[in-house]
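Structural description and commentary
Listed below, chain by chain, are the residues.
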Amino acid sequence: MSNKEIKEFTSKLEKGLQIAERRMLEEKALHDETIVVSNAEGKIEYIPAKEVLTSY
């Protein structure tokens, strides 16, 4: 693969991951579920998907 092909592939992959993440958040928000994240200090936090979706 050339550098151009690698960049195009990486770009498509990142776009697909963004779409998948958005869909996951929408589905979880629909069912009033939370997601698990790690904050800056490495502590685990549970945040409502609706809250994350509003700042997405």
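Described in the following lines is the structure provided in the data block. (Residues numbered from 1 in each chain as written. Predicted model: local features only at pLDDT ≥ 70, side-chain atom pairs only at ≥ 80, totals over all residues. Heavy atoms only, no water.)

**With respect to the nonpolar core**
For the record, the criterion: What we call a nonpolar core is a set of buried Ala, Val, Leu, Ile, Met, Phe, Trp, Tyr and Cys residues that are connected through their side-chain atoms within 4.5 Å. A 1.4 Å probe rolled over the protein chains alone gives each residue an accessible area, and that area as a share of the maximum for its type sets the label: buried under 20%, exposed over 50%, partly exposed in between. In this text, helices come from DSSP runs of H or I with a minimum length of four residues, and strands from runs of E with a minimum of two, each type numbered from the N-terminal end. Any pair of residues with heavy atoms lying within 4.5 Å of one another is described as a contacting pair.
Core analysis: the biggest nonpolar cluster contains seven residues, these being L25, A29, I35, I47, A49, V52 and L53. Of all elements in the fold, only α1 (3-30) and α2 (49-54) reach the threshold of two or more residues within this core. Of all the elements, α2 adds the most residues to this core, at three residues. When near neighbours in sequence (up to four residues on either side) are disregarded, L25 contacts I35, A49, V52, L53 and Y56.

**Examining unusual backbone geometry**
Phi is positive for D32, which is not a glycine, with a value near 50°. D32 gets classed as exposed once you look at its relative accessible area, which sits at 58%.

**Digging into the environment of A49**
Relative to the helices and strands, A49 resides in helix α2. Along the backbone, A49 and T10 are 39 residues apart, and their C-alpha atoms lie at a distance of 27 Å.

**Quick look at the pairing of strand β1 (residues 34-38)**
Note the following rule: Pairs of strands are assigned from DSSP output, requiring at least two bridges between the strands.
Relative to strand β2 (residues 44-48), β1 runs antiparallel, the two being bridged by five bridges. Residue I35 lies in a different strand from β2, and its bridge partner there is I47.

**Focus on the pattern of salt bridges**
Just so we agree on the cut-off: For this document, the term salt bridge refers to a Lys or Arg side-chain nitrogen within 4 Å of an Asp or Glu carboxyl oxygen.
Per the stated rule, a full pass over the model turns up three salt bridges. Here R22 ties to E26 by a salt bridge, and the two come within 3.1 Å at their closest N and O atoms. With R22 and E26 both in helix α1, this residue pair falls four residues apart, about one helical turn. For E33, the salt bridge goes to K28, with nearest N and O atoms at 3.3 Å. For E33, a relative accessible area of 34% gives the class partly exposed.

Structural measurements only, silent on function.
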